[in-house]
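# Notes for the structure review
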Amino acid sequence: MVHNIKIAPSILSGDFGRLADEAHRIEQAGADYVHVDIMDGHFVPNLTLGPKALSAINKATNLFLDVHIMIYNPFDYVERFVEAGADRLTFHFEATEDVEGTLEYIHKCHIEAGLAFCPETSVEFVFPFLKKCDLVLLMTVHPGFGGQLFIPEVVEKVRLVRKFCDRNNICGKVNGSAIFNIEVDGGINEETARLCVEAGANVLVTGTYLFNEVEEMSVGIEKLRFRS
Ligand code: DX5
Ligand code: ZN
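One structure accompanies this document, and this report is about it. (Residues numbered from 1 in each chain as written. Chains lettered and ligands numbered in written order. Predicted model: local features only at pLDDT ≥ 70, side-chain atom pairs only at ≥ 80, totals over all residues. Heavy atoms only, no water.)

### Comments concerning the coordination of the zinc ion (ligand 2)
Looking at the zinc ion (ligand 2), one finds its protein donor set to be His-35 (NE2), Asp-37 (OD), His-68 (ND1) and Asp-185 (OD), positioned 2.1 to 2.3 Å from the metal centre. Taken together, the 6 donor atoms coordinating the zinc ion (ligand 2) span angles of 68 to 168° at the metal, a pattern that classifies the geometry as octahedral. In this structure His-35 comes out as buried when scored by relative accessible area, which is 0%. Taking the relative accessible area as the measure of exposure, Asp-37 reaches 5% and is therefore buried. (Donors = N, O, S within 2.8 Å, 3.2 Å for Na, K, Ca; no water. Tetrahedral: all angles 85-135°; square planar, octahedral: opposite > 155°, others 65-115°. Buried < 20%, exposed > 50% of the residue type's maximum accessible area, 1.4 Å probe, protein only.)

In structure tokens:
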């Protein structure tokens, strides 16, 4: 079981008419990051926010902005999201032919770089990039929408990536933590989070659970930290 879990509420489940308030609420509830989902209507069928909205969220909170971009050709958008306040930009392995160049460019902009993988993408594709990014996001639903059911097969992928990190001494420079960041996103609640954390995930994204299922966001966040 991994300790020092980071909680990243997904603002996608918040009220889009009050994004600044929602960002503030996430901060007040004791989260570590605000997770912002950017969708282009091509890589995924849904459309969400752009840099202007991200900038508004950035003004409303001091929290670290964990920005997940589900768009083709992410390289072309890096600068705009960096300028809008992203602290980490995570793009999809499946969305570009230039994974390495995009990771390098994000680092050149002095923010963290994350690499996301769809549930059906083989774990073999993850290993070569572990030393080149700050975080790996293993999607536990098909990207595109909040409120979907967790895909349990991804838990094994988490376990394999954590094992690979341990065996090869791959650790994270992020947040001074000695552990490499493995993030899971989609269908995360208390039960599925436990499976992922036991397998080695240390960053949990959750929208529906924290915005619609728990009575108090702060209580939900605390539960997901599995301190006891
Ligand atoms: C889905 C997004 C998720 C989504 C998670 O493509 O990447 O971040 O908001 O929402 P829940 O927790 O409702 O599955
Ligand atoms: Zn996401």
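Here the narrative resumes, following the displayed structure.
### Some points on the site of ligand 1
Around ligand 1 lies a shell of 20 residues, among which Asp-37, Gly-144, Asp-185, Gly-207 and Thr-208 are the nearest. Gly-147 places a main-chain nitrogen or oxygen 2.8 Å from an oxygen atom of ligand 1. Computed on the free molecule, ligand 1 has an accessible area of 380 Å², of which 99% lies beneath the protein chains in the complex. For the shell around ligand 1, the secondary-structure elements that each account for two or more residues are β2 (33–39), β3 (64–70) and β8 (203–206). The leading source of residues in the shell around ligand 1 is β2, at 3 residues. A per-class count over the shell around ligand 1 returns 7 nonpolar, 11 polar and 2 charged. (Near = heavy atom within 4 Å. Polar contact = N/O pair within 3.5 Å; in protein donor to acceptor, adjacent residues only side chain to side chain. Areas by Shrake-Rupley, 256 points an atom, 1.4 Å probe, with all protein chains shown as cover. Helix = DSSP H or I, 4+ residues; strand = E, 2+ residues; numbered from the N terminus. Nonpolar A, V, L, I, M, F, W, Y, C, P; charged D, E, K, R; others polar.)

### Section: the sheet that holds strand β1 (residues 6–9)
Picture the strands of a sheet paired through backbone hydrogen bonds; they go either parallel or antiparallel. Strands sit in the order β1-β8-β7-β6-β5-β4-β3-β2 across an open sheet of 8 strands; the sheet is parallel. The sheet is open, and its two borders are formed by β1 and β2, each paired with just one other strand. Strand-to-strand twist across the sheet, computed as the mean angle between neighbouring axes with direction ignored, equals 20°. Where strand β7 (residues 181–185) lies against β8, 3 bridges are found, and the strand directions are parallel. Bridge pairing links Glu-183 to Val-203 in β8. (Pairing = 2+ DSSP bridges. Axes fitted to C-alpha atoms, helices over the stretch in contact; angles between N-to-C directions.)

### So, the pattern of salt bridges
Taken as a whole, this structure holds 10 salt bridges when the rule is applied. The salt bridge involving Arg-18 is made with Asp-15; its shortest N-O contact spans 3.4 Å. Accessibility expressed as a relative area gives 33% for Asp-15, which makes it partly exposed. In this structure, Arg-194 engages Glu-198 in a salt bridge whose closest nitrogen and oxygen atoms are separated by 3.9 Å. Of the two residues, Arg-194 and Glu-198 are both situated in helix α6 (residues 190–199); the distance of 4 residues between them amounts to about one turn of the helix. The exposure class of Arg-194 is partly exposed, given its relative accessible area of 38%. For Glu-198, a relative accessible area of 44% puts it in the partly exposed group. (Salt bridge = Lys/Arg side-chain N within 4 Å of Asp/Glu carboxyl O.)

Honestly, it's all geometry; don't read function into it.
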